[in-house]
Structures are given as structure tokens and as C-alpha cells.
Amino acid sequence: LYLADDDYDTCEELLKQGIEDGGQTSINATSPFMTRAYDRQVILQTKLADLYSESRKFTEALTHYHRALSLNPDCIEAKRGMERLEKAMKGRSHISGVDVSEMTEDV
């Protein structure tokens, strides 16, 4: 809802709060799909990465995609987000002269 209104600050704050509290209150704990705390953490990390990617904070996005994938290497949403991010970073590197491979290796 906040993202639809371009309220990135509120989205960021809520996602970080959910991550800090272990994902216990951020996602409906009765959902049959998200029963484990680390599953909720994967979603929160991925959503925060998506937010950072959308707001062109690529380094932060990369960090959170990596965190999500370290919790669940099979997370399709995080993998797709990483692919989109890498494409965006490569497009930017042609303009700014940034070496994308150096950025991804450091995280």
C-alpha cells in the first residue's frame, strides 16, 4: 500500500522493523505457506531488496537479496530480483563507468 503511494520511507521502516523483530508480526503467522520465522525473514529481506532496487539504492538491494538467498537459496523471488538488479546495474555501469563485478563480489 505504501509502495503504491511511493512512500518508500514508510515501506523501508516497516520492513526493517519486521526484520528486527524476527518476522514474528510482519506476516500472518497462520498462513500455511509461511510457518517458519526464517521463511518470513526471506520474504522481508526480499521485499526490502525490491524496495531498494526500485529506489535505485543498488548496493543496499544487493545486500538484502544476498541475505534472502543465504536463508533460502531456492527463493525464486530473490533470484528474479537479483537478475533484475544485475541488469539495472549493468545498464548503469555503462553510463557511470562502475564495474558491476566488483560491486557484487564485495557483498
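Structure: above.
How each quantity is defined
Residues numbered from 1 in each chain as written. Predicted model: local features only at pLDDT ≥ 70, side-chain atom pairs only at ≥ 80, totals over all residues. Heavy atoms only, no water. Helix = DSSP H or I, 4+ residues; strand = E, 2+ residues; numbered from the N terminus. Expected span 1.5 Å × (residues − 1). Buried < 20%, exposed > 50% of the residue type's maximum accessible area, 1.4 Å probe, protein only. Core = buried A, V, L, I, M, F, W, Y, C linked by side-chain atoms within 4.5 Å. Contact = heavy atoms within 4.5 Å.

Novice: Help me out: how do you make sense of helix H3 (residues 58–71) in this one?
Specialist: Residues three or four positions apart in an α-helix share a direction because the helix packs 3.6 residues into each turn. In this model, H3 (14 residues) spans 20 Å end to end at C-alpha, consistent with the 20 Å of a helix rising 1.5 Å per residue. Of the positions making up H3, those classed as buried are Phe58, Ala61, Leu62, His64, Tyr65, Ala68 and Leu69.

Novice: Sorry if this is basic, but what is going on with the nonpolar core here?
Specialist: Note on soluble globular proteins: their nonpolar side chains tend to be buried together. Counting residues in each nonpolar core, the largest one holds 20 residues, and the members touching the most others are Leu48, Tyr65, Ala78 and Leu85. Mapped onto this core, the elements with two or more residues apiece are helix H1 (8–20), helix H2 (37–54), H3 and helix H4 (76–96). The contacts of Leu48, once residues within four sequence positions are left out, are Glu12, Leu15, Lys16, Ile19 and His64.

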